[in-house]
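One-letter residues, chain by chain:
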Amino acid sequence: MKIAVTYENGNIFQHFGHTQEFKVYDVEDGKIISSRVVDTNGQGHGALAGVLNVLKVDTLICGGIGGGAQMALAEAGIRLFGGVSGNADAAVEALLAGTLAYNPNVMCDHHGEDHHHEGSCGSHGCGGHCH
């Protein structure tokens, strides 16, 4: 299992589409065996799902994330745990322990409207702006 976290100075960066770095954790048997910080090379929004796909990430922990990015992650088969803040390492440990507090209806902070973790555009009131 590979878990990525939007990353800045040890903490979870709060806007997925503008993240400059991911911290990627390799997990085996429920334990972190290694981690590294990966630069996104200026990629943004939907392209970040491609970056995660190349890294073979299957799970993402982040703060705010828009509907278009959520859909790109879903299409790439990456599980999303959004609306998380605080220390990146602690969040991954909490996820592995089954105690991570996250928001399945994480806000798309550049619209200020609810975007549901699952469903298509139009089911979450973005007015078609998520594509």
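Data block above holds the structure.
## Brief notes about the pairing of strand S3 (residues 21-28)
Across the 8 residues of S3, 6 count as buried, placing the element largely inside the fold. As paired elements, strand S1 (residues 2-8) and S3 share 6 bridges and run antiparallel to each other. The residue of S3 that forms the bridge with Ala4 is Val24. In terms of strand pairing, S3 meets strand S4 (residues 31-39) through 8 bridges, oriented antiparallel. Across the sheet, residue Val24 finds its bridge partner in S4, namely Arg36. Connecting S3 to the antiparallel partner S4 that follows it, the hairpin turn spans 2 residues, and Asp29 within it adopts a positive phi of roughly 55°.

## Details of helix H3 (residues 88-97)
Each turn of an α-helix holds 3.6 residues, which means side chains three or four residues apart point in the same direction. Along H3, the residues classified as buried are Ala88, Ala91, Val92, Ala94 and Leu95. When H3 is viewed along its axis, its buried side chains cluster within an angular range of 160° and face the same direction. As for H3, its buried residues are in contact with S1, strand S2 (11-12), S3, S4, strand S5 (59-61) and strand S6 (79-81). Where H3 begins, the side chain of Asn87 points an oxygen toward the backbone nitrogen of Asp89, at a separation of 2.9 Å.

Reading the values: rules and limits
Here the residue index of a chain counts from 1 through its sequence in written order. Since the coordinates come from a predicted model, pLDDT governs what is reported: local features require at least 70, and pairs of side-chain atoms require 80 or more to be given and counted, while whole-chain, interface and lining totals use all residues. As a rule here, side-chain values come from all non-hydrogen atoms in the structure, and water together with hydrogens is ignored. Three labels apply to residues, based on accessible area from a 1.4 Å probe with only protein chains included: buried if under 20% of the type maximum, exposed if over 50%, partly exposed otherwise in between. Put simply, DSSP marks the helices as runs of H or I at least four residues long and the strands as runs of E at least two long, and each gets a number from the N terminus on. Strand pairing is defined by DSSP finding a minimum of two bridges between the two strands. Directions drawn from the helix axis to the C-beta atoms are what define this arc. In what follows, a contact means two residues having at least one pair of non-hydrogen atoms within 4.5 Å. Any pair of nitrogen or oxygen atoms within 3.5 Å is treated as a polar contact; in protein, a donor-acceptor pairing is required on top of that, and neighbouring residues in sequence qualify only through side-chain atoms on both sides.

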